[in-house]
Amino acid sequence: MTDIYQILVHPDPVLREVAPQVDKINEDIKAQAAKMIDTMYAAEGVGLAAPQVGILNRLIVVDTSRREKSAPNPIAMVNPELIWKSEELWTCMEGCLSIPLQYADVERPKHCRVKYWDLQGQEQELEVRGLASSCVQHEIDHLNGVLFIDHLSRLKRTNLMKKYEKQQKEKHNVL
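First, a word on scope: everything that follows refers to the structure included in this document. In this text, all values refer to a predicted model and were calculated from it rather than measured experimentally.

## Some thoughts on unusual backbone geometry
The omega torsion across His 10 and Pro 11 is 15 degrees, close enough to zero to call that bond cis. Residue placement: Pro 11 occurs in the segment before α1 (27-42). A positive phi is found at Asn 79, a non-glycine position, where the angle reads about 50 degrees. With a phi close to 65 degrees, Leu 101 is a non-glycine residue in the positive phi region.

## Re the pairing of strand β6 (residues 111-117)
Examined bridge by bridge, strand β3 (residues 75-85) and β6 share five bridges and lie antiparallel to one another. Along β6, the bridge assignment pairs Glu 81 with Lys 115. Here β6 folds back onto strand β7 (residues 123-129) in antiparallel fashion, the turn holding five residues, of which Gly 121 has a positive phi close to 85 degrees.

## Here's the deal with a nonpolar patch on the surface
On the surface, Met 93, Leu 101 and Tyr 103 cluster together into a nonpolar patch covering about 370 Å² of accessible area. Tracing the sequence through the fold places Tyr 103 in strand β5 (residues 99-109).

## Focus: the environment of Val 78
With respect to the helices and strands, Val 78 occurs in strand β3. The exposure class of Val 78 is buried, given its relative accessible area of 1%. Taking the C-alpha atoms as reference, Val 78 lies 8.8 Å from Ile 29; in sequence the two are 49 residues apart. Leaving out residues up to four positions away in the same chain, Val 78 has contacts with Val 22, Ile 25, Ile 29, Arg 58, Leu 59, Tyr 116, Trp 117 and Leu 119.

## Concerning the environment of Tyr 41
Its location among the elements puts Tyr 41 in helix α1. As a C-alpha pair, Tyr 41 and Lys 115 span 74 residues in sequence and 24 Å in three-dimensional space. Residues contacting Tyr 41, with those up to four places away along its chain left out, are Asp 63, Arg 66, Pro 72, Asn 73 and Pro 74. At 2.4 Å, the side chain of Tyr 41 forms a polar contact with the side chain of Asp 63.

## A word on the pairing of β3
Within a regular beta strand, the side chains point alternately toward one face of the sheet and then the other, so they alternate between its two faces. Where strand β2 (residues 59-62) and β3 come together, four bridges link them in antiparallel fashion. Looking at β3, one finds that Leu 59 is bridged to Val 78.

## Regarding the sheet that holds β6
Ordered in space as β1-β2-β3-β6-β7, the five strands form an open sheet in which the pairing is antiparallel. Looking along the sheet, the strands with just one partner apiece sit at the ends: β1 (47-49) and β7. Strand-to-strand twist in this sheet, taken as the mean axis angle between neighbours without regard to direction, amounts to 40 degrees. Across the face of the sheet, α1 comes into contact with β1, β2 and β3 while running at roughly 40 degrees to β2. Taken strand by strand, helix α2 (residues 130-143) contacts β1, β2, β3, β6 and β7, and its axis lies near 155 degrees from that of β2.

## Here we look at the packing of aromatic side chains
If you walk through the whole model with that rule in mind, you get zero aromatic pairs. If you follow Lys 35 out to its NZ or CZ, it ends over the ring of Tyr 5, 4.5 Å from the centre.

## A closer look at the side chain of Ser 86
Positionally, Ser 86 belongs in the loop between β3 and β4 (89-96). According to the relative accessible area criterion, Ser 86 is buried, its value standing at 9%. At a separation of 2.8 Å, a polar atom in the side chain of Ser 86 contacts the main-chain carbonyl oxygen of Glu 88.

Procedures and definitions
Starting from 1, residues in each chain are numbered consecutively following that chain's sequence as written. For this predicted model, a pLDDT threshold of at least 70 governs which residues receive local features, and a threshold of 80 or more governs which side-chain atom pairs are given and counted, while totals over whole chains, interfaces and linings are taken from all residues. Side-chain measures were taken over the full set of non-hydrogen atoms in the model, leaving aside hydrogen atoms and water. We count a stretch as a helix when DSSP gives it H or I for four or more residues in a row; a strand needs E for two or more, and each element gets its number in order from the N terminus. By definition, two strands form a pair when at least two bridges between them are found by DSSP. For patch building, the residue pool is restricted to those with more than 30% relative accessible area and no salt bridge; the joining distance is 9 Å between like charges and 5 Å between nonpolar side chains (Val, Leu, Ile, Met, Phe, Trp, Tyr). Methods summary: accessible areas were calculated by the Shrake-Rupley approach with a probe of 1.4 Å, and residue burial reflects only the protein chains presented. Between Lys or Arg on one side and Asp or Glu on the other, a salt bridge is scored when a side-chain nitrogen of the former is within 4 Å of a carboxyl oxygen of the latter. Working definition: with a 1.4 Å probe on protein chains only, accessible area under 20% of the residue-type maximum means buried, over 50% means exposed, and in between means partly exposed. Should any heavy atoms of two residues lie within 4.5 Å, those residues are counted as being in contact. Polar contact criterion, stated in full: a pair of N or O atoms within 3.5 Å, where within protein one must be able to donate a hydrogen and the other to accept it, and residues adjacent in sequence count only if both atoms are side-chain atoms. To obtain each axis, a line is fitted to C-alpha atoms, and for helices this fit is confined to the stretch in contact; angles are then taken between N-to-C directions over 0 to 180 degrees. By convention, a stacked pair of Phe, Tyr or Trp rings (six-membered ring in the case of Trp) has centres within 6.5 Å and planes under 30 degrees apart, an edge-to-face pair has planes over 60 apart, and any other such pair is tilted. Criterion for a charge above a ring: Arg CZ or Lys NZ at most 6 Å from the ring centre, at most 35 degrees from the ring normal.

Structure follows, in structure tokens:
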């Protein structure tokens, strides 16, 4: 395994910033994508956005194969943009590598279509469903400074953040 990034955790202010577009796909972007994929796998995640590793650009990586018990299939998306979302909604239990060990049901469109540039500089469109749809939407949210907790009711968000802050405090007291 190659070197991996450190994942930023809430309340790091970078997580609330809007990431600018990537101007060109070069070797640096390809290396960033590879390192983000390794980081995602090391953290046992299904998606990761560049701001989560302290890089402000519009690059996400996703791979839901682990949860779907299939062969690894990582996809790097440069400048991803949702171009269609289904009216049909579904609820998926979401967590976030930047808010460790906290999970909540989040309602999102069950299907979506995303337009992005692949690492060869080709424009692609991909329609995803279910878990992959939630994952892509979650990661694109990160590029816009939005966290999954922002989709929760005030009460659920407050309760989840109290648990998270208690967990963080206990973790730091042990260290």
